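Tertiary structure, described
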Amino acid sequence: MPPSDALPTTGGFTKTAGWLDWYQGPARPRFQLPEGAVDAHCHVFGPGAAFPYAPERKYTPCDASKAQLFALRDHLGFHRNVIVQATCHGDDNRAMLDACQASQGRARGVATVRRSISDEQLQALHDAGVRGVRFNFVKRLVDFTPRDELMEIAQRIHRLGWHVVIYFEAPDLPELWDFFSALPTTVVVDHMGRPDVTQSPDGPEFGLFLRFMREHPQVWCKVTCPERLSSSGPPALHGQQQAYQDVVPFARRVVEAFPDRVLWGTDWPHPNLKDHMPDDGLLVDFIPQIAPTQALQQRLLVDNPLRLYWPELVG
Ligand code: 0GY
């Protein structure tokens, strides 16, 4: 891992103390991704000089530009990206939009919007490649937004054929259940609703999440972020190939139970990791453990993300 001051933040910003920069020398994956694979959860940060970080942000990251994201895409063997608006940019979607527009159709976006956005502005986001909005319920990342505002936004973006991405932590699901159930759109859950993987995948907490998916056919799940969810420590302590084993039963359970409603992404540049920064090549090598057959891999990495983000390419 490079030292934490290896990558600058431009534009006069100072990185959050202890910020871990993304890993600059990722391995070439051993797992060969299927043709047309989509990295369906990644971000860009700034660069701060061109796209300033939001005043209300809860962290200041290192810069992570579109060119660096596209270089990683090509290195890992992905064909497309879904770029999710990071909270450090608030509802200023310009960095994400700039990346989508520069991608020659190979990136779609998920935006953050407020109720003050006009229909014309929503249409401009659509034209730039946005296909969803993200509602974030993780308290360390965002300030509270009233539920009626979120519902109003969901109803408006539903008309554009977009979906809602939700980010929450497992203990909050009971309280959020009714609100999520009432959303009119397809709903995509980030990082499996952040289960506590020290508990059993057969236990009540993850059981509730699986029930949530079973009872709501409109809900999809990103089986992402083993590096964020794992409690077994950084790979260096356990051997790179054996990293994140505690996450495997959770992700595999979701992939096998809901093969047509799962997505996978790197989460590059991995905001807010505290103890280690993953090698994105090794993250790709994690995929066959959670999607063990070619048929599951094809749905997870190609068919499902195309259906959601590039439906015009699906026959
Ligand atoms: C993720 C997770 C995190 C952060 C963000 O937009 C963000 O700031 O998504 C997190 O800190 O858990 O999806 O990248």
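Up top is the structure.
Heads up: these notes are all about the structure in this document. Computed from a predicted structure; not experimentally measured.

Within the element layout of this structure, His 270 appears in the loop between β8 (262-263) and α10 (280-290). Polar side-chain contacts of His 270 include one of 3.5 Å to the backbone oxygen of Thr 266. His 270 has contacts with Glu 227, Arg 228, Met 277, Pro 278, Asp 280 and Leu 283, leaving out every residue within four places of it along the chain.

Of all 5 residues in strand β5 (residues 163-167), 5 are buried; the element is thus mostly enclosed. Residues His 163, Val 165 and Tyr 167 line one face of β5 and the alternating positions Val 164 and Ile 166 line the opposite face, and both faces are buried. With helix α4 (residues 147-158) bridging strand β4 (residues 130-136) and the parallel β5, this β-α-β connection has right-handed handedness. Where β5 and strand β6 (residues 187-189) come together, 3 bridges link them in parallel fashion. Bridging across to β6, Val 165 finds its partner in Val 188. Note that the unit made of β5, helix α5 (residues 173-182) and β6 has a crossover that is right-handed.

Before going further, it helps to spend a moment on the packing of α4 against α5. Where α4 contacts α5, the two axes come as close as 10 Å, and the packing angle between them is 25 degrees. Taken together, α4 and α5 sit at an angle that is classed as roughly parallel. With respect to the hand of their crossing, α4 and α5 are arranged in right-handed fashion. Only Glu 175, Leu 176, Phe 179 and Ala 182 of α5 make contact with α4, whose side of the interface consists of Arg 147, Leu 150 and Met 151.

Now for the nonpolar core. Of all hydrophobic cores here, the largest spans 105 residues; its most connected members are Phe 135, Val 223 and Val 254. If you tally residues by element for this core, the top one is helix α11 (residues 294-309), at 7 residues. Not counting the four nearest positions on each side in its chain, Val 223 is found in contact with Met 192, Ala 251, Val 254, Val 255, Val 262, Leu 263, Trp 264, Ile 290 and Leu 300.

To continue, consider α4. Taking 1.5 Å per residue, 12 residues should reach 16 Å; α4 reaches 16 Å between its end C-alpha atoms and fits that length. In this structure, the buried side of α4 is in contact with α3 (119-128), β4, β5 and α5.

Turning to the site of the ligand, a few remarks are in order. Around the ligand there are 15 residues in total, and Tyr 59, Thr 87, Tyr 167, His 191 and Asp 267 lie nearest to it. Within the contact set of the ligand, an oxygen atom lies 2.9 Å away from a side-chain nitrogen or oxygen of His 41. Tyr 167 is positioned with one of its side-chain polar atoms (N or O) 2.5 Å from an oxygen atom of the ligand. Surface burial for the ligand is 100%, taken as the share of its 340 Å² of free accessible area covered by protein chains. Put simply, the ligand lies in the largest cavity.

Looking now at empty space enclosed by the protein. Take a probe with the size of a water molecule and roll it over the atoms, and the empty space left behind shows itself. In the structure shown here, the tally under the stated rule is 3 cavities of 30 Å³ or more. His 43, Arg 134, Leu 141, Tyr 167 and Pro 271 are, among the 13 residues lining the largest cavity, the residues nearest its centre. When grouped by side-chain class, the residues that make up the lining of the largest cavity number 4 nonpolar, 5 polar and 4 charged.

The strand order across the open sheet formed by 8 strands is β1-β2-β3-β4-β5-β6-β7-β8, and the pairing between neighbours is parallel. The sheet terminates laterally at β1 (38-42) and β8, the two strands that pair on one side only. Relative to the sheet, helix α6 (residues 204-215) contacts β6 and β7 (219-222), its axis offset from that of β7 by approximately 135 degrees.

Counted by the stated rule, this structure contains 21 salt bridges. Put simply, Arg 94 and Asp 92 hold a salt bridge, and the shortest N to O gap is 2.7 Å. The class for Arg 94 is partly exposed, based on a relative accessible area of 44%. Connected through shared salt-bridge partners, Glu 56, Asp 91 and Arg 114 make up one network.

Here we come to the layout of surface pockets. The calculated volume of the largest pocket comes to roughly 520 Å³. Along its surface, the largest pocket is lined by 28 residues, and Asn 136, Val 142, Asp 143, Phe 144 and Thr 145 are the ones closest to its centre. Listing elements by their share of the lining of the largest pocket, those giving two or more residues are β4, α4 and α5. Looking at the lining of the largest pocket, the element that brings in the most residues is α4, giving 4 residues. Among the residues making up the lining of the largest pocket, the classes are represented as 11 nonpolar, 6 polar and 11 charged.

Burial analysis of α10 places 9 of its 11 residues in the buried class, which makes it a mostly covered element. Among the residues making up α10, those that are buried are Asp 280, Gly 281, Leu 282, Leu 283, Val 284, Asp 285, Phe 286, Ile 287 and Ile 290. Where α10 is buried, its residues meet α1 (66-76), α7 (226-229), α9 (248-257) and α11. The N-cap residue of α10 is Asp 279: its side-chain oxygen and the backbone nitrogen of Gly 281 are 2.8 Å apart.

Conventions and cut-offs
- Along each chain, the written sequence defines residue order, and numbers are assigned to residues from 1.
- Where local features are concerned, this predicted model is filtered to residues with pLDDT of at least 70; where side-chain atom pairs are given and counted, the filter is 80 or more; whole-chain, interface and lining totals use all residues.
- Excluding hydrogens and water, the side-chain figures rest on all heavy atoms present in the structure.
- Secondary structure elements follow DSSP: runs of H or I no shorter than four residues count as helices, runs of E no shorter than two count as strands, and numbering proceeds from the N terminus.
- Polar contacts, as used here, are pairs of N or O atoms within 3.5 Å; protein pairs need one atom able to donate a hydrogen and one able to accept it. Residues neighboring in sequence count only if both atoms are side-chain atoms.
- Contacts are residue-level and defined by heavy atoms, with any inter-residue pair within 4.5 Å sufficient.
- Type-normalised accessible area, obtained with a 1.4 Å probe on protein chains alone, sets the label of each residue: buried when under 20%, exposed when over 50%, and partly exposed for intermediate values.
- With the strands aimed away from the viewer, a crossover counts as right-handed if its path from the first strand over the helix to the second runs clockwise.
- Between any two strands, at least two bridges found by DSSP are needed for them to pair.
- Axis lines are fitted to C-alpha atoms, over the contacting stretch for helices. Their N-to-C directions set the angle, which ranges from 0 to 180 degrees.
- Angular relationships are summarised with four words: roughly parallel below 35 degrees, roughly antiparallel beyond 145, roughly perpendicular across 65 to 115, and oblique for the angles in between.
- Whether a crossing is left-handed or right-handed is set by the direction in which the near helix is turned from the far one by less than a right angle, anticlockwise for left-handed and clockwise for right-handed.
- In this description, a nonpolar core means a group of buried Ala, Val, Leu, Ile, Met, Phe, Trp, Tyr and Cys residues linked to one another through side-chain atoms lying within 4.5 Å.
- Given a helix with a known number of residues, its expected span is that number minus one, times 1.5 Å.
- For this description, a residue counts as near a given molecule or strand if any of its non-hydrogen atoms is within 4 Å of it.
- The accessible surface values rely on the Shrake-Rupley method and a 1.4 Å probe; as for residues, cover is taken only from the protein chains in view.
- A cavity, in this analysis, means grid points on a 1 Å lattice covering only the protein atoms where a 1.4 Å probe fits yet has no way out; a pocket is instead an open set bounded by protein on both sides within 12 Å along at least five of seven lines, and a residue lines either one if it has an atom within 4 Å of a point.
- A molecule is said to be in a cavity or pocket once over half of its atoms fall within 2 Å of that pocket's grid points.
- Grid points are joined across faces, edges and corners, and a volume is the space filled by probe spheres set on the points.
- Note that Gly is not counted as nonpolar here; it falls among the polar residues with everything else outside the nonpolar set of Ala, Val, Leu, Ile, Met, Phe, Trp, Tyr, Cys and Pro and the charged set of Asp, Glu, Lys and Arg.
- By definition, a salt bridge exists where a carboxyl oxygen of Asp or Glu is found within 4 Å of a side-chain nitrogen of Lys or Arg.

Taken by themselves, the reported measurements are silent on function.
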